[in-house]
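Below, each chain spelled out in residue letters.
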Amino acid sequence: MKKPELLLVGPMMPHVMAAMESDYIVHRLWEAEDREETLDRVAGQIRAIGTGGRSGADAALMDRLPNLEIIASFGVGVDTIDVEHAHDRGIIVTNTPDVLNDEVANMALALLLATTRRLVAGDRFVREGKWRDGPMPLEHGLRGTRLGILGLGRIGKDFARKAGLFGMEIVYNGRREQPDQPYRFMPDLVEMAAACDHLVVLCPGGPSTDNLVGRAVLDALGPEGTLINVARGTVVDEPELVAALVEKRLGAAGLDVFADEPHVPEALLALDNVVLQPHKASATIETRHAMGDLVIENLRAHFAGRRAVTPV
Ligand code: NDP
């Protein structure tokens, strides 16, 4: 039987690409000299898209592929895929949830510890020889503080469980209360930020959360407050965040994600109260392998006539 044809929008890990090459006829769109010509030539044969991260899959791309059945995405966030349009057309969208909870939650914790205990500033302090002139100023510990989670989902719950070990009171905000959870629900985000020492963003990106964390939330968090964002840069109003940090209306920030990656606002680079990461919360070898395996399993299930493993 002829192999199904798959359009790979951007490169994936070698073991994922190798599995794809063995199962499908793969068209590597990012390597095409002429993207439009390639799409015109292969459009009618394509039954699957492999994508992820910034590449995504918009409605225009889907509509060029009349026989598209499935979009298999590497990553849990599907904000760069027009899921509604896919579902209207009966196209299955899959992502890679759960296998990355552990590491993304760990990154949120690492950023919370790095910002509150000023790890990067401390490292610089030692390297620059300033220690010889005296100690660094004292910091606040986590125990006894209040932590607000925006988005108590799969990652948020893993994070909350771990953060609880540090002796913080945990509250959360989202679109609805989850009565089975042991944490207090706070339906108003500004009120939650005002009541918290730390706000950790763990909700999805996309239009429904665009700039959800704006000036009012940042000011409510205040000059002693810490913002951690490992979700999507779009959830936080970035110019307002930069202004709040520069004007010291916000205490500190730990950021893994940005509005226009890989571009980071210049002003953040000069700030001592900010810890920056290049969007790598899920980027351990084990987790990325598990994510890649899930992409392959979703495709295999679909083309074997079974339900996809993790449909969106
Ligand atoms: P889930 O869907 O399990 O959880 C998302 C949570 O956000 C839910 O609790 C949901 O609660 C809440 N939420 C959804 N929409 C809104 C809204 N409009 N306003 C407020 N809260 C909302 O997702 P995951 O935990 O698996 O992943 C969360 C996000 O983390 C991903 O979408 C992705 O963007 C990001 N991520 C980042 C990574 C990185 O490398 N930095 C890696 C992996 C994920 P409710 O429905 O009650 O509102």
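Residues numbered from 1 in each chain as written. Predicted model: local features only at pLDDT ≥ 70, side-chain atom pairs only at ≥ 80, totals over all residues. Heavy atoms only, no water.

**Student:** Run through the overall build of the chain, naming residues and quoting values.
**Tutor:** If you tally the helices and strands in the chain, you get 12 helices and 12 strands. Relative to the compact-globule value of 20 Å for 312 residues, the chain shows a C-alpha radius of gyration of 22 Å, a close match. In terms of its C-alpha atoms, the chain occupies a principal-axis envelope of roughly 70 × 50 × 30 Å. Out of the 312 residues in the chain, the part that is buried amounts to 50%. Summing over all exposed atoms, the chain offers an accessible surface of approximately 15,300 Å²; the carbon and sulfur share of this is 53%. Side chains of the chain give 33 positive and 45 negative charges; the mean places of these two sets differ by 4 Å. (Helix = DSSP H or I, 4+ residues; strand = E, 2+ residues; numbered from the N terminus. Rg over C-alpha atoms; globule rule 2.2 N^0.38 Å. Buried < 20%, exposed > 50% of the residue type's maximum accessible area, 1.4 Å probe, protein only. Areas by Shrake-Rupley, 256 points an atom, 1.4 Å probe, with all protein chains shown as cover. Lys, Arg positive; Asp, Glu negative; His and termini not counted. Charge placed at Lys NZ, Arg CZ, Asp CG, Glu CD.)

**Student:** An account of the UniProt feature "domain: D-isomer specific 2-hydroxyacid dehydrogenase catalytic" (unreviewed entry) in the chain is needed here, citing residue identities and associated values.
**Tutor:** Taking the UniProt record as the reference, the feature "domain: D-isomer specific 2-hydroxyacid dehydrogenase catalytic" (unreviewed entry) is found at residues 9-311. For residues 9-311, helix accounts for 37% and strand for 15%, while the C-alpha atoms at its two ends are 19 Å apart. (UniProt positions renumbered as here; feature names shortened; annotations may be inferred.)

**Student:** Please set out the sheet that holds strand S5 (residues 92-94) residue by residue, giving values where relevant.
**Tutor:** One open sheet holds the five strands; their spatial order is S2-S1-S3-S4-S5, and the pairing between them is parallel. On the outer flanks of this sheet lie strand S2 (25-28) and S5, each paired with one strand and no other. This sheet shows a mean twist of 20 degrees between the axes of neighbouring strands, independent of strand direction. Two elements, strand S4 (residues 70-74) and S5, share three bridges in a ladder whose sense is parallel. Across the sheet, Ile70 pairs through a bridge with Ile92, a residue of S5. Along the sheet, helix H1 (residues 14-23) contacts strand S1 (5-8), S2 and strand S3 (46-52); its crossing angle with S2, the most-contacted strand, is approximately 130 degrees. The sheet contacts of helix H12 (residues 285-303) involve S1, S3, S4 and S5, and relative to S4 the element is tilted by about 170 degrees. (Pairing = 2+ DSSP bridges. Axes fitted to C-alpha atoms, helices over the stretch in contact; angles between N-to-C directions. Contact = heavy atoms within 4.5 Å.)

**Student:** So what's going on with the site of the ligand? Residues and values would help.
**Tutor:** The immediate surroundings of the ligand are formed by 28 residues, with Arg154, Ile155, Arg175, Val230 and Asp256 found nearest. Within the contact set of the ligand, an oxygen atom lies 2.9 Å away from a backbone nitrogen or oxygen of Ile155. Within the side chain of Asp256, one N or O atom sits 2.9 Å away from a nitrogen atom of the ligand. Coverage of the ligand by the protein chains reaches 89% of its 930 Å² of free accessible surface. Per-class residue counts for the shell around the ligand are 14 nonpolar, nine polar and five charged. (Near = heavy atom within 4 Å. Polar contact = N/O pair within 3.5 Å; in protein donor to acceptor, adjacent residues only side chain to side chain. Nonpolar A, V, L, I, M, F, W, Y, C, P; charged D, E, K, R; others polar.)

**Student:** Give me the lowdown on the packing of aromatic side chains, citing residues and values where you can.
**Tutor:** Enumeration according to the criterion identifies two aromatic pairs in this entry. The interplanar angle of 55 degrees and the centroid separation of 5.6 Å between the aromatic rings of Tyr24 and Phe303 together place this pair among those described as tilted. Pair noted here: Tyr24 is in the loop between H1 and S2 and Phe303 is in helix H12, with a separation of 279 residues, a long-range link. With relative accessibility at 4%, the residue Tyr24 sits in the buried group. (Phe/Tyr/Trp six-rings, centres within 6.5 Å; stacked < 30°, edge-to-face > 60°.)

**Student:** Tell me about the sheet that holds strand S11 (residues 252-255), and please be specific about residues and values.
**Tutor:** Taken in spatial order, the seven strands line up as S8-S7-S6-S9-S10-S11-S12 in an open sheet, and their pairing is parallel. Each edge of the sheet is formed by a strand with only one pairing partner; in this case those strands are strand S8 (184-185) and strand S12 (274-276). Bridging between strand S10 (residues 226-229) and S11 involves four bridges; their strand directions are parallel. Counterpart to Leu227 in the pairing with S11 is Ala253. Packing of helix H5 (residues 101-116) onto the sheet brings it into contact with strand S6 (146-150), strand S9 (198-201), S10, S11 and S12, and relative to S10 it is tilted by some 150 degrees. The strands touched by helix H10 (residues 238-246) within the sheet are S10, S11 and S12, with S11 carrying the most contacts at an inclination of about 140 degrees.

**Student:** Give a description of the UniProt feature "domain: D-isomer specific 2-hydroxyacid dehydrogenase NAD-binding" (unreviewed entry) in the chain that names residues and reports values.
**Tutor:** As annotated in UniProt, the feature "domain: D-isomer specific 2-hydroxyacid dehydrogenase NAD-binding" (unreviewed entry) corresponds to residues 109-281 in the numbering used here. For residues 109-281, the helix share is 32%, the strand share is 16%, and the end-to-end C-alpha distance is 11 Å.

**Student:** Requested: an account of the packing of H1 against H12, with residues and values cited.
**Tutor:** What describes two packed helices is the angle between their axes and the distance between those same axes. Packing of H1 against H12 brings their axes to within 9 Å, and their N-to-C directions diverge by 15 degrees. Considered as vectors, H1 and H12 are oriented roughly parallel to each other. Two packed elements cross with a definite hand, and for H1 against H12 that hand is right-handed. Seen from H1, the contacting residues are His15, Val16, Ala19, Met20 and Asp23; seen from H12, they are Arg288, His289, Gly292, Asp293, Val295, Ile296, Leu299 and Arg300. Of the residues that constitute the contact of H1 with H12, the class distribution is six nonpolar, three polar and four charged. (Parallel < 35°, antiparallel > 145°, perpendicular 65-115°, else oblique. Left-handed = near helix turned anticlockwise from the far one by under 90°.)

**Student:** Quick rundown of the pairing of S4? Include the residues and the values.
**Tutor:** Counting buried positions over the five residues of S4 gives five, a clear majority of the element. Of the two faces of S4, the one carrying Ile70, Ala72 and Phe74 and the one carrying Ile71 and Ser73 are both buried. Here S3 pairs with S4 via five bridges, running parallel. The partner of Ile49 across the bridge, within S4, is Ile71.

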